[in-house]
Amino acid sequence: MALRKDPAREPRTPLSRERVLRAAVALADKSGIDSLTMRKLGDALGVEAMSLYNHVANKDDVLDGMVDLVFSEIGLPSGGGDWKTAMRQRAISVRRVLSRHRWAIGLMESRTSPGPATLRHHDAVIGCLRDAGFSIELAAHAYSVLDSYIYGFALQERGLPFNTPAESSALAHAMLARLPADDYPHLAEFTLRHVLQAGYDYGNEYGFGLDLILDGLEGAYKAA
């Protein structure tokens, strides 16, 4: 006869800094960053909140570590190749990661104690541009305009009242039904001939804008 194990006697997975941070990220992914408290984090890990302080100093330390974990998921651009391809792939990777961790959009560049993954990411981006021949000044311009676009687009996507093309279409139909077309002819035309066309996905605008920026940077790079 098989002996039944007592769950209370089962060995627990040891608590560690990484486990605490990953649990914090999962909690923020599920309920938003405002829901994150040390008590709730302890509950998610099955420990008292005070136990967490053996692995993190305070909530700010938790936020620093969470942001660093998010940065660690972003693909790093490599030097020595085509800088436009590397910057495009990096921008797509950032957007993909932020779509998984929407709470992180406003925190990515806000930390005053960046972790190793954060520093490695910034160093790789600057290094890729410098290796391609960008001056320090032009590399700074490039980094700034790319991140302004990347984070701005992610922030706009987060605020949209729809999450899928089907939801976008349903909302457009509902708004069009209430829209006096004679008063807003251009908006009505835009909705009918663009938003409500088969295959429309607002997310596809990201690549178009990204390529415009990269082409502009290429022009500035050649001019320099």
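Look a little higher up for the structure.
Residues numbered from 1 in each chain as written. Predicted model: local features only at pLDDT ≥ 70, side-chain atom pairs only at ≥ 80, totals over all residues. Heavy atoms only, no water.

What exactly am I supposed to notice about helix H1 (residues 17-31) here?
An α-helix turns once per 3.6 residues; consequently, residues spaced three or four apart project the same way. An ideal rise of 1.5 Å per residue puts 21 Å on 15 residues; H1 measures up with 21 Å between its terminal C-alpha atoms. Where H1 is concerned, the buried positions are Val20, Leu21, Ala23, Ala24, Val25, Leu27 and Ala28. For H1, the elements touching its buried residues are helix H2 (38-45), helix H3 (49-52) and helix H4 (59-72). Glycine 32 lies just past H1 and shows a positive phi near 95°. (Helix = DSSP H or I, 4+ residues; strand = E, 2+ residues; numbered from the N terminus. Expected span 1.5 Å × (residues − 1). Buried < 20%, exposed > 50% of the residue type's maximum accessible area, 1.4 Å probe, protein only. Contact = heavy atoms within 4.5 Å.)

Could you clarify how one ought to interpret helix H6 (residues 116-131) in this entry?
The terminal C-alpha atoms of H6 lie 21 Å apart, and with 16 residues this matches the ideal 22 Å at 1.5 Å per residue to within 8%. If you check which residues of H6 are buried, you get Ala117, Thr118, His121, His122, Ala124, Val125, Cys128 and Leu129. Here the buried residues of H6 occupy an arc of 155° about the axis, which is enough to place them on one side. Residues Pro116, Asp123 and Asp131 are exposed on H6 and point more than 90 degrees away from its buried face. At the exit of H6 stands glycine 133, carrying a positive phi of roughly 105°. (Arc of directions from axis to C-beta.)

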